[in-house]
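As a plain string of letters, each chain reads:
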Amino acid sequence: MDHLGEVVIRRQKEKLIEIVRKFVKPGQPYIIINFPSNKDPGHHASWLGLAKVLIEVTGRFPSLTCSASESIAAIKSTPGDAPIFICGCGDFGDAQTGRDDVRYRLMWKYPDRTIIQMPQTIRFANESLREYARHTIGRHRKFFCVTRDDRSFELAKANFDCDVEAGPDTAFGIETLKPFEADPLRVLYVMQPPGEDGAEIAKARAIVDGPLTDWVNGPDSFSRMRKSSVVKSALRHGFSRREMMAQHRQDVAARYVDYGVKILSGAQRIITNHLHGHILCLLLNKPHIAVARDGSDLHDFIASRTGDSPLVERATNAGEIFAAMSRLPYEMGGTWYKSSRPMNPSPSIPAPDLVPQPSIV
């Protein structure tokens, strides 16, 4: 069966590789910071994709990996030419971390190191936090900022005295994914609680019924060190603790991504307000609806990066979900259809006009 997201995914990964190659070359040491402290498959997908891209470009594992809450003092003992890549988990400017944000700690402690913020949404709770970011970045002079959406790009360009570039979420470094065997399910909701971009979940489910998950409650056991990680690390790198932790973190990220994939695998249609719910649906070749308010970060991301894939439709409220559902392609006998006509997945040939197909709902 043709993968309807493959062209978009390949384009995003090529952009990630282009960005990374500006800072590292084959064989060069590097550092990855900001390993997810939560159980969100999407955040772990960003880490796993970044790790895969950096290994592909350099041909080696990182010299050091850290979570945001760990001490960054160990960076002193790594090679001086090792750039620091900050994985884009969470939001840059989050009021919960404020001036203790790992980005600021890195810039103050390592003024001579190259620091790269990988694609990230940027928002500030108040003017004081934004001014502190502007001052700290301007003082450092070797900080590079990659934003994940157009709004964040404009904010960074207007406020930060550093090189700013737009780039895709690093989860695209994973490339395509295969679903697990699962019981078939017509519709699945992968929704975080309503917030600024939230949708009215109860009203949506009254129109198109289906089970609901927030998917951020994976088993704690995924985070434990396993013998398999120790063995893989020993075979590749010996018994270096840093290399062992890098291998462990990559394996943990892969487990949480697999957990998310298993949740999505059986569904014919997925309705989500998670950015990474959208991204993993693309990687999995799953038709889905992205539900958020008009002008949201999620819809802006789709409009600027992934909207040319027929796998995704947007809806701004519960009432639009049924119509969006009818516009999604469906698979039958290994062939993709829109309305009752087979699709030609070649990106050079336009898809036929969309005709409502309510039988899927």
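Please refer to the structure higher up on the page.
From a predicted model like this one, the values you see are computed outputs, not experimental measurements.

A. Structural view of the sheet that holds strand β14 (residues 335–338). Reading across the sheet, the three strands line up as β13-β14-β15 and stay open at both edges, with antiparallel pairing between neighbours. Of all the strands in the sheet, just β13 (330–332) and β15 (341–342) have a single pairing partner and so form its edges. Relative to β15, β14 is paired through two bridges, and the arrangement is antiparallel. Its bridge partner being in β15, K338 is matched across the sheet by R341.

B. Local environment of the packing of aromatic side chains. Per the stated rule, a full pass over the model turns up twelve aromatic pairs. Aromatic side chains F35 and W47 sit 5.0 Å apart centroid to centroid with 90° between the ring planes, which places their arrangement in the edge-to-face category. Highlighted residues: F35 in strand β1 (residues 31–35) and W47 in helix α2 (residues 41–58), separated in sequence by twelve residues. With relative accessibility at 11%, the residue F35 sits in the buried group. Here the aromatic rings of Y104 and Y132 are separated by 5.1 Å at their centres, their planes lie at 85°, and the arrangement is edge-to-face. Placement of Y104 in helix α3 (residues 102–109) and of Y132 in helix α4 (residues 127–140) is noted, with a sequence separation of 28 residues between them. By the ring-pair criterion, three or more aromatic residues cluster together here, those being F92, Y104, F124, Y132 and F160. K262 extends its terminal NZ or CZ atom over the ring of F180, reaching a point 5.1 Å from the ring centre.

C. Up close: helix α8 (residues 241–265). For α8, spanning 25 residues, the distance from its first C-alpha to its last is 35 Å, which sits close to the expected 36 Å at 1.5 Å a residue. Most of α8 is tucked away: 19 of the 25 residues are buried.

D. Quick peek at the pattern of salt bridges. Applying the stated criterion across every chain, the model contains 17 salt bridges. Residue D308 is joined to R11 by a salt bridge in which the shortest nitrogen-to-oxygen separation is 3.1 Å. Taken as a pair, D308 in the loop between α10 (297–306) and β12 (312–315) and R11 in helix α1 (residues 6–20) lie far apart in primary sequence, 297 residues in all. On the basis of relative accessible area, R11 is assigned to the partly exposed category, the value being 35%. In this structure, E70 and R249 form a salt bridge, with 2.6 Å as the shortest nitrogen-oxygen distance.

E. Inspection of the packing of α2 against α8 at higher detail. At a minimum axis separation of 8 Å, α2 and α8 run at an interaxial angle of 130°. Taken together, the axes of α2 and α8 lie oblique to each other. The hand of the α2/α8 crossing is left-handed. Within the contact between the two elements, α2 uses P41, H44, A45, W47, L48, A51 and I55 and α8 uses R249, Q250, V252, A253, A254, Y256, V257, Y259 and G260. Along the lines of polarity and charge, the residues of the contact of α2 with α8 split into twelve nonpolar, three polar and one charged.

F. Structural detail: the sheet that holds strand β10 (residues 267–272). Strand order in the open sheet formed by five strands is β9-β8-β10-β11-β12, and the pairing between neighbours is parallel. Here the strands that pair on one side only, and so sit at the sheet edges, are β9 (212–213) and β12. Alignment of strand β11 (residues 288–291) against β12, held across four bridges, turns out to be parallel. Across the sheet, residue A290 finds its bridge partner in β12, namely R314.

G. Seen up close, the layout of surface pockets. Size it by volume and the second largest pocket reaches roughly 410 Å³. Lining the second largest pocket we find 19 residues, and of these M1, N285, K286, E331 and W336 sit closest to its centre. Of all the elements in the fold, those that place two or more residues in the lining of the second largest pocket are β10 and β13. A breakdown of the residues in the lining of the second largest pocket according to their chemical character gives ten nonpolar, five polar and four charged.

Rules behind the numbers
- Residues numbered from 1 in each chain as written.
- Predicted model: local features only at pLDDT ≥ 70, side-chain atom pairs only at ≥ 80, totals over all residues.
- Heavy atoms only, no water.
- Pairing = 2+ DSSP bridges.
- Helix = DSSP H or I, 4+ residues; strand = E, 2+ residues; numbered from the N terminus.
- Phe/Tyr/Trp six-rings, centres within 6.5 Å; stacked < 30°, edge-to-face > 60°.
- Buried < 20%, exposed > 50% of the residue type's maximum accessible area, 1.4 Å probe, protein only.
- Lys NZ or Arg CZ within 6 Å of the ring centre and 35° of its normal.
- Expected span 1.5 Å × (residues − 1).
- Salt bridge = Lys/Arg side-chain N within 4 Å of Asp/Glu carboxyl O.
- Axes fitted to C-alpha atoms, helices over the stretch in contact; angles between N-to-C directions.
- Parallel < 35°, antiparallel > 145°, perpendicular 65-115°, else oblique.
- Left-handed = near helix turned anticlockwise from the far one by under 90°.
- Contact = heavy atoms within 4.5 Å.
- Nonpolar A, V, L, I, M, F, W, Y, C, P; charged D, E, K, R; others polar.
- 1 Å grid on protein atoms, 1.4 Å probe; cavity = no way out; pocket = protein on both sides within 12 Å on 5 of 7 lines; lining within 4 Å.
- Points joined across faces, edges and corners; volume = space filled by probe spheres on them.

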